[in-house]
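Letter by letter, the chains look like this.
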Amino acid sequence: MLYRRTFPNSDPMAWQILSSTRPEITVQLPNRLNKESIYRLVASVLDEQHNARCKTIFLDFAPLQFIDSAGVTVLSNLIEFLKKVGAKTYFKGHKGLSGPVRFLDDSGFFKQYLKYSLVPDAQVRSTTLPLQLVEYKKSYGYVGFDLIPWLARALSTDELSLSTIKVCFQEIFNNINDHSEVKIGCVFAQHYPKDDRVQMTVSDFGVGIPAKVQAVEPQHNDQQAIRRAAEQGFTTQSTVRNRAGLLTSVRPC
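None of the values given here were measured: they were computed from a predicted structure.

Calculation criteria
- Residues numbered from 1 in each chain as written.
- Predicted model: local features only at pLDDT ≥ 70, side-chain atom pairs only at ≥ 80, totals over all residues.
- Heavy atoms only, no water.
- Pairing = 2+ DSSP bridges.
- Helix = DSSP H or I, 4+ residues; strand = E, 2+ residues; numbered from the N terminus.
- Axes fitted to C-alpha atoms, helices over the stretch in contact; angles between N-to-C directions.
- Buried < 20%, exposed > 50% of the residue type's maximum accessible area, 1.4 Å probe, protein only.
- Salt bridge = Lys/Arg side-chain N within 4 Å of Asp/Glu carboxyl O.

The next point concerns the sheet that holds strand β2 (residues 25–28). One open sheet accounts for 3 strands, arranged β2-β4-β6; its pairing is parallel. Each edge of the open sheet is held by one strand with a lone partner, namely β2 and β6 (88–92). Taking each pair of neighbouring strands and ignoring which way they run, the sheet shows an average axis angle of 25°.

Encoded structure:
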């Protein structure tokens, strides 16, 4: 499975920290942090206008019992967003070293945000493509030399057989470059050998597919906008590089 999440669905230039009489808030992570629960987490941190609810936010890992690739990338994007608007983010409940916390530690999450691993023997698992914030200008190298070789090993196949998927990811990063203010995609992937399944997620600070389509064709609702974006040849950009549009990303993957 492949996900691309845009976060949040608003004009990035409008982001700001809310004035609040509360000096800080604590937000508990969901028991299961996945594509079904990520929006509840975001709503706990941001208001309806996508402003940070407080200047200091503690993320409590104690309730967390499961996290998948979508959860990892959106959690990372949320922290990056708060950093961008000047809010301070702190962790709590992570020192109990629960299973999901150990998984995040092995995936490089805490090393990314605390600058150290929680346990000395933390290391990337063979079934994991570790968390990575990828700038657009480095994305083609990352896809070709990191992502595709990892996927080939996970699927026990050769890299040439993944050429269509390679194009798919390159198109995703083209979309990030065209539609995101930050030009960075957060990438994470996990192989589940027992289920014969690989889940890969790219999450970014884009304005969102519906909002982008509606800016060009305002008559569409969100569902109609997504269908329109997937039509052959449709794109909101005039750049030749990105003329393939969303169809390239959704059809092979």
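What follows is about the pairing of β2. Taking every second residue as pointing to the same face, the buried face of β2 carries I25 and V27, while none of T26 and Q28 on the other face is buried. Pairing analysis gives 4 bridges linking β2 to strand β4 (residues 56–60), with the strands arranged parallel. By the bridge assignment, Q28 is partnered in β4 with D60.

Scanning all chains against the criterion turns up 7 salt bridges. The closest approach of N and O atoms between D121 and R102, which form a salt bridge, is 3.9 Å. With a gap of 19 residues between them, D121 in the loop between α4 (109–114) and β7 (128–135) and R102 in helix α3 (residues 99–106) connect regions that are remote in the sequence. Residue classification places D121 among the exposed positions, given a relative accessible area of 52%. Given the relative accessible area of 29%, R102 is considered partly exposed. By sharing partners, the salt bridges in this structure join E135, K137 and K138 into a single network.

Within the secondary structure, N77 sits in helix α2 (residues 69–84). The exposure class of N77 is buried, given its relative accessible area of 2%. Taking the C-alpha atoms as reference points, N77 and L133, separated by 56 residues in sequence, lie 9.2 Å from one another.

A separate point is unusual backbone geometry. Of note in the backbone geometry, L97 takes a positive phi value of approximately 55° without being a glycine. Take L97: it is sitting in the loop between β6 and α3. Overall, the relative accessible area of 31% leaves L97 in the partly exposed class. For D196, which is not glycine, the phi dihedral falls at a positive 55°. Note on placement: D196 falls in the loop between β8 (180–192) and β9 (197–206). Owing to a relative accessible area of 70%, D196 belongs among the exposed residues under this scheme.

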